[in-house]
Structure formats: structure tokens, C-alpha cells
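Structural features, examined
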Amino acid sequence: MKLFCTCLVIFFFSQSVLANHLKGGWIQYEYLGPGAAANTSSYRITVRQYLDCNSTAAQRDANVFLGIFDAATNQAVSIVSPRTIPLSGSDNPNKTTYSPCISSPPPVCYFIDRYTTTVDLPNNIAGYILTVQRCCRITGIVNVNGNSSTIGVSYTNRIPGTINGVDYSKNSSPAFAQKDTAIVCYSSPFTFDFSATDADGDSLAYVFCDGLVGGDNTAGGAQPDPPANPPYNAVPYSTSFSGSSPMGSTVTIDPRTGIISGIAPSITGDYVVAVCANEFRNGILIGTTKKEIHIKVANCSISAAALKPGYMTCNGTTLTFQNESPNSTVTSYLWDFGVQGITTDTSTQAQPTYDYLKSGKDSGTFTVKLVVASSNGCKDSATSKVSVYPGFVPDFKTTGTCFLNAYTFTDITTTKYGTVNSWRWDFGDSTTLADTARSKDSAWTYAAPVSTTVKLVVANSEGCIDTVIKAVVILDKPSLALAFKDTLICSNDTLSLKANINSGTINWTVSPGPNQARIQNSNSSQPVVFPRDSTTYYAFVNDNGCANMDSVRVNVLQYISVNAGVDTGVCRTDTFRLSPISYALSYRWTASTGEVVQNIKRPLIQPLVNTSYFVLANLGKCQARDTVSVKVSPYPTAVLGNDTTICFGNRVQLNARITGSVFTWSPVLSLSNENTLTPLAGPSKTTSYILTVYDTSGCPKPVSDTLLITVVPPINAYAGKDTTVLPDVPVQLNASGGSAYLWSPATGLSAVDIPNPVVTLNGSIDSITYTVSVSSGGCYAVDQVVVRVYKDGPDILVPSAFTPNGDGKNDIARPITIGISRLHYFTIYNRWGEPVFSTTEIGKGWDGIFKGAEQPSGTYVYQAEGTDYLGKNVFRKGTIVLIR
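The structure displayed is predicted, hence computed values, not measured ones.

Looking now at empty space enclosed by the protein. Considering all chains together, one arrives at three cavities of 30 Å³ or more under this definition. Approximately 50 Å³ is the volume attributed to the largest cavity. Lining of the largest cavity is provided by Ser41, Tyr43, Leu121, Pro122, Asn123, Asn124, Gly127, Tyr128, Ile159, Pro160, Gly161 and Ser169. Elements with a minimum of two residues in the lining of the largest cavity: strand E3 (40–52) and strand E8 (110–122). Residues belonging to the lining of the largest cavity are distributed by class as follows: six nonpolar, six polar and no charged.

See the structure below:
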């Protein structure tokens, strides 16, 4: 897939009177020597304006108007300002060659018009501000809020005066390199050389800074003559952009080299970018030269190799590399990590990691090279510098007493290679912007006590740079820490007091009033005192006007006592702490059994037999003794035996064994006698019985045991309803209620150990009663069923009367079927011939209710018909009496 990129073409901007072809500009000054008049200096001033190559002659300024302002008052210097500078010359950089890996490259062509003049300026302590203003910018600038075509620009520079008593006016500003024809694709890595050189050899630090507005789109406002007085407002940047981040967070500038690099934005259009070259001499900022540019974003595609401007590791020897171009058409990679003399320092991975130590190089400067090939046939390569200088550890220390005096900040950075040669301090004083320094060690006086953070950016000669940030507490008084604030000694003892201070002097006094006879070395941080009565000692610290005070109370006892406690008892294997009562500061314990006891006030002990413990308590030279005896008793025991199971309604005897003097049962409601160790338990549901045993002879802790009695629920044995059979006709019985069954007698049964045996009886038997034993979980119950033999053949019998009164006896009028395999119907009619009940199910009957109402007593007619086991129809009808 071909990747399309939006190219960033670096243009410089200002505004033409007739059209918006101006792309940028900046001001340079050069010190030429003393001026023609006394106490003056001569400077050559050059204003550069950038226009695209489509600009017409009418769009190029014949003159520019330079404003010169006193830097102290921001007022124009009337004898030299404004100054009209005519066009002095022009350059025409034009990019004519392009990488074959870039398709549809945009044209890059400028006119760079130069306006140069010489001016003599009176020597001025504050220095001068130089300004040229133009309006307006082009329409639709991406990072400008609002209509950019109504916003002008101010080019400025500043000639320094005297700073901290040193005259810096004989200075020439940095000169930016004219490397302005770079092409960079959107969402792709790019670099742009924005470096400058300084004729005086001053060090330069580069930062993004605010673009400035100037002029307006009114008549005569496009090229103000004279320019407006400083200061000038910043460009109104749109959301997500600012002067310090003009192209978003993915684009940065190297503060040492001035190289702009990163991943270009993906939104097409122009971007306002301003770069300030800060000029330092001996660590002092003496000037700032600003250059404003346009970066134009246009559509193009690229297949390329791209690396970062440089790679460095200062805390190891391993680096990870990747192609910084996001082109998805790259099909192969070849890396050479730049170690001379070997051929194994290569990789074909897209994102390789290389440890230079493995090649025998623990430090040095190398050139890494990447060669890529893409699917569209483009081949490209890129190189970059790799610096490997491990062992760079930034650090600093802070010393100080209180905010009244300066705090000292000392660099303690260590480096294995090169020398530490650059420092930038930020002392975190929020009350000022001047709390910075560039010396190795420095000091700062804070306005008030504060908790702040101090930052040091430190670098070495090999290019390592790192930042260390530390929390610093600015005290309101010098530190004073006493080893203790309250202590106790014996009246014939001496005591060494201890105080920790960072600096300053210390003096000890005694209350009330000075009494140096009680203190030795009162000007020491560790004086010796020997009070005879309780005394408060005061420590006073003074450090160059910062003062602090604290005190320690020394309580004096004429003698001491110790009470080891009352004799006690304990359960064997238990531990507990001895708790003597005493003002002693040290304790020595011994045991009658030889047990080793810690020599602390409250030792943890575990006596296994009766033991006496002896304590020697000391407060200096004062001593006291005491003894405590501990009786050891075994724990009581409780044994209930194994859990058991009983049938519902049964009881079981419990058999407990104990060692102890008192016991209790729980629960007791289902026990026959809770005051015996062998009660009868008859729970109605599964129950846990707990036996708790106590001992009154020395071990007060109870012991319990639990026995679980599982109660099998009651068994509902059911043998089925009594029935009538025909001779030699089999009928199946159906018992229920358990998991095992046993029938008796076995007469006529197909089996006796199943719930549903088949019974067949001959005509010699009138009736027989069967008993079934139903069991489950070891428990059982019995039920009976009567089987009668009807010897007159198949029939449908209906009782002559029924009493539906809910007593469970003869409540239902139902047919008794003998030898009937299928009931066609059983219907009951009232006296008016209305059917009040009908069914086809054998065993169903009428309960005397019709349409929800109880029917009256009286005679009712029934009809019944069915098919017997031989296939013959059986029909019966008659009357039945309902009795209430």
C-alpha cells in the first residue's frame, strides 16, 4: 500500500501590502566598534524578510522601518528612530533536486530580501530593543486562532547593556543558518536545521517561543512607520498549540543544536513557528535572537529511511532502534551499528536492540546506518550519531539553616567519561523568576519558609544531559533534634544529653536560670548533667542569626521500687507477658527452672511447670528486686466419641469422658438428664451436642467437644388401597415411602422384595392381608393392604349410600371395579335427571358437590359401563343415597 504524507515545507513569513506572500523574517545586529561620537557604539543592523518565488515586484518592500527603543523605558530613541532602511540585496534559494523516494514533491523557492544599515547608539546601561512590524499573515494558518489574515508580525532583537555590573553592549547577535529548503512528510519523522553561529563564541540554547503580533490591516497599518513601542502580544494560538509547542507534542527542538525534529502533524496547512536562540556568556543570559517561520503542510508520499538526529545512553550500553518513517511499504531492513573492526554488529530486524558492550565497546561515539527497500522499488538510507557514555549520575546536596540565610546547593554529579561542564539550576522560589543559575555550585536566599522542589539540569562534555529534582524544606529556624525529650535517672547518677544540629553553635542552660555547676560542656552537643532534683535543660542553637530552642526534662528519683505482680496461674503451653510496675529503665529476669527470659520490661514467657520469676530493676545505680510465681495447670479435656445416626423417634445414650471439675451440655431440651455424662438424647432433627468442660484448679480456659447426631426423617410407609380381584386374574400392588421393601405373606406374590409385586389368587381364597416393611437409611415402617377375591366374575359395584362430611370415612361415592380393564363412564344424576358428576377414570368418585355447592341429602341415580379383561361390556345402574 502506498503511504501518502503531507510534506512540511519550511517557509518564513511576513505580509506583503498587496498579497500574502511574506513567509517570515528576523533581525541581526553586529558590533562594529566605538561610534563617531563619544560614548557611542556603532552597529550594523540587517533585517531579513522571506517571500515565496511567486511574489511580484510590487509585493516586495522597497524599504522597511526600524524602531529603536530604550530597553529600560520602552520609549523610542528619537535621534535614531524610526529609521528607514532601503533594500540592500536579495538571495533566491530554490530546491531543484528531490529524493526519488518522494512522490509529488512540493516546490521550495524563496526570495530573501536583505535590508542593512549602520547606526551609532549612545552607550546605554539598559540596552536597546530593535523592531520591524508588518501586517498581515496569510489566511487559514492552522495553529492560529481566528482569522490569521488580520494578524501581523513583529520582528525583534535586543542589544544588551550592563548586567550585574558587566558591560555586554560590545556584542554581536547570533546569525541563523540559511538552511530553509527542507521537505518533511506529514505524520512522518523530519529534521530541520535551525542552528546559528555566534561571532563572540557565546554559548547558545534554543527554544520554541511565542510569535509576536504587530501592525494591522487598516490603511497605513500594514507597514507601521514608526513601529509600536514594546512589549508586544503573543500570537493567539489555537487549541492544542502554543508558542512552546507550535506543531503539537510530537515536534521538539534540541536546546543544544537547534535541530527541530519529530513526527510532523497530519493536518494540512501553514503553522506559525518562532525559535529563540538564547545567548549565554559565562553563565549569564545576555540576549535572545528570534526568528519566525511558516511550516506549510502539503500532500506528498514518501518511502524512506529516517532516524532520530542522535541517540545517546548515559546509564547503560544498550539501545533500541527503529525506522522513524511510518511508511508501510518498507519490505527489508539492514542495520549497521557502527562498531569499527567487526562485521557482526548488524541486524535485519525492523526494531533491533543492540548492546555495544557485547562488541567490547563500553563507551564511544558510533555511526548507526539504516538501509531500507520498499515494495515500490525505492531504496533509501539514513545515518545518525550514537553516543554511549554510561556512568553519568546526576545529583546535588543542599545545606542551610533558615530562610534568613542563603541555602547552598552543591553539585555532586559523577561521570565516568568526560567532565561535568554544564549546570542549570531552578531553586523553586515562586516569588520570583530570577531563581536560576548556571554555575556548578550556587546559593539562594528565600523570602520565607517554604517546602519546594529544586531542579538541576546537568550535562557533561560527552553530551550526556539529565535532570535531578529534589524536595527541599526551607526552615524558619536551624535544625535541632534531641535524642530524647523526657527521661528518668537516679539521684546519684550522671546523664549525657544529646543534640543533633547541622551547623551553628549550641549552648545549654538549666531552669530556673543559669546554673552551669550542674552542666559539663554546656557549649557541646553532648553535655553531661548530674541533677539532684528533677530539672529541665534548654538547648539554644544560633547559626548566623537563625535561632532555635528545645528542652529536655530530666526526672530524678531518690530510689526505685519494682512490683513484679501478684502470683497467678496459667494453662500449660500458653504464653503471657510479665508486667512489673516500676520506673526502672532496665530489667534483668531469671527463672527458677532455668528458662531464658528476655531482659525487657514485659517479657513473653511460656512456663511448662510451676515457675518463679525473679526481676532485678535498675535506674542507673538504683536497684530493686521482686518475685512472681506462676502455677501451671493442664488444659481440661472433653471426649464425646464418634458421631452417630438414629431413626426418627428413637433415642441414643451419650458416653462422655472428661478431665475437669465442671461440665455443661448444649442443647439440653432433647436430653434426658443434662447433669450426667451419660444422658439419653432423643432429638427430632439432626443436632450437634456440645460438651464444655471447665477446670477450677488453675487453668481457667474451657475446652469443648462436639457430637453430631443425624436423625433419619420418619418413613411414610404406604401399601396402597385395599382392592378386590377376580380368581386367577393378576393385579399389581404398589407400595411407596422408602428405598427397600419386604412383603409378607408371600402367597400369590410374584416377588416379596420389590415395591410393586403382582398378586394372583385362586378361588379357594376369600381375602388376604399383605404387610409391607418399608426401610430407608437403616430405619423402617410397616403398612397393610387387604386383597379380596370376588368369585362372581367381572362387575361394577357401587355403594348404596355415602356421607360426605369430611371425616375421612365414606366421603366419596365411587364405583368398585372388579375385572374391569376400562371404565367407559360413571355418571350420577339428581332427581330432575340433571348429571351432577361424571368420570371415566377408575378410582375417581363424587364428593357431593355440584357447581361449587353442597348437594342436599336424598336419593341419586347412577349409571356405569365398562369393558372387562375379556373384552365384554359390563353395564350397571341403580340408586345411591347422599346422607348429611
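That was the structure; now back to the text.
We now examine the packing of aromatic side chains. Throughout the structure, instances matching the rule amount to 25 aromatic pairs. Judged by centre distance (6.0 Å) and plane angle (20 degrees), the ring pair of Trp425 and Phe427 falls under stacked. For the pair Trp425 and Phe427, a shared accessibility class is recorded, and that class is buried. Here a set of aromatic residues connected by ring pairs shows up, and it is made of Tyr311, Phe321, Trp335, Phe337, Tyr354, Tyr356 and Phe366. Taking the ring centre of Phe194 as reference, the NZ or CZ of Lys291 above it sits at 4.9 Å. Here Lys470 stacks its cationic end above the ring of Phe396, 5.0 Å away from the centre of that ring.

A few words now on the nonpolar core. The biggest cluster of nonpolar side chains holds 35 residues, and the ones touching the most others in it are Phe190 and Ile260. Of all the secondary structure elements, the ones that give two or more residues to this core are E8, strand E14 (183–184), strand E15 (189–193), strand E17 (203–209), strand E18 (251–253), strand E20 (269–281) and strand E21 (284–302). Residue contributions to this core peak at five residues, all from E21. In this structure, Ala564, Ala617, Cys622 and Val632 belong to the second largest nonpolar core, which totals 23 residues.

Read from one edge to the other, the open sheet built from five strands follows the order E68-E75-E74-E70-E71, with strand pairing classed as mixed. Every interior strand has two partners, whereas the edge strands, strand E68 (801–802) and strand E71 (835–839), have only one. The sheet contact formed by strand E70 (residues 820–829) and strand E74 (residues 858–868) spans eight bridges and is antiparallel. Considered in E74, the bridge of Phe826 is made with Ala864.

Before going further, it helps to spend a moment on the pattern of salt bridges. Under the criterion given, the structure shown has 20 salt bridges. In this structure, Asp193 and Lys179 form a salt bridge, with 2.9 Å as the shortest nitrogen-oxygen distance. You can see Asp193 sitting in strand E15 and its partner Lys179 sitting in the loop between strand E13 (175–176) and E14, a full 14 residues away along the chain.

Along the chain, Asp643 falls in the loop between strand E53 (637–639) and strand E54 (644–647). Between the alpha carbons of Asp643 and Tyr829 there is a distance of 63 Å; along the sequence they are 186 residues apart. Residues contacting Asp643, with those up to four places away along its chain left out, are Thr706, Leu707 and Leu708.

What counts as what
- Residues numbered from 1 in each chain as written.
- Predicted model: local features only at pLDDT ≥ 70, side-chain atom pairs only at ≥ 80, totals over all residues.
- Heavy atoms only, no water.
- 1 Å grid on protein atoms, 1.4 Å probe; cavity = no way out; pocket = protein on both sides within 12 Å on 5 of 7 lines; lining within 4 Å.
- Points joined across faces, edges and corners; volume = space filled by probe spheres on them.
- Helix = DSSP H or I, 4+ residues; strand = E, 2+ residues; numbered from the N terminus.
- Nonpolar A, V, L, I, M, F, W, Y, C, P; charged D, E, K, R; others polar.
- Phe/Tyr/Trp six-rings, centres within 6.5 Å; stacked < 30°, edge-to-face > 60°.
- Buried < 20%, exposed > 50% of the residue type's maximum accessible area, 1.4 Å probe, protein only.
- Lys NZ or Arg CZ within 6 Å of the ring centre and 35° of its normal.
- Core = buried A, V, L, I, M, F, W, Y, C linked by side-chain atoms within 4.5 Å.
- Pairing = 2+ DSSP bridges.
- Salt bridge = Lys/Arg side-chain N within 4 Å of Asp/Glu carboxyl O.
- Contact = heavy atoms within 4.5 Å.

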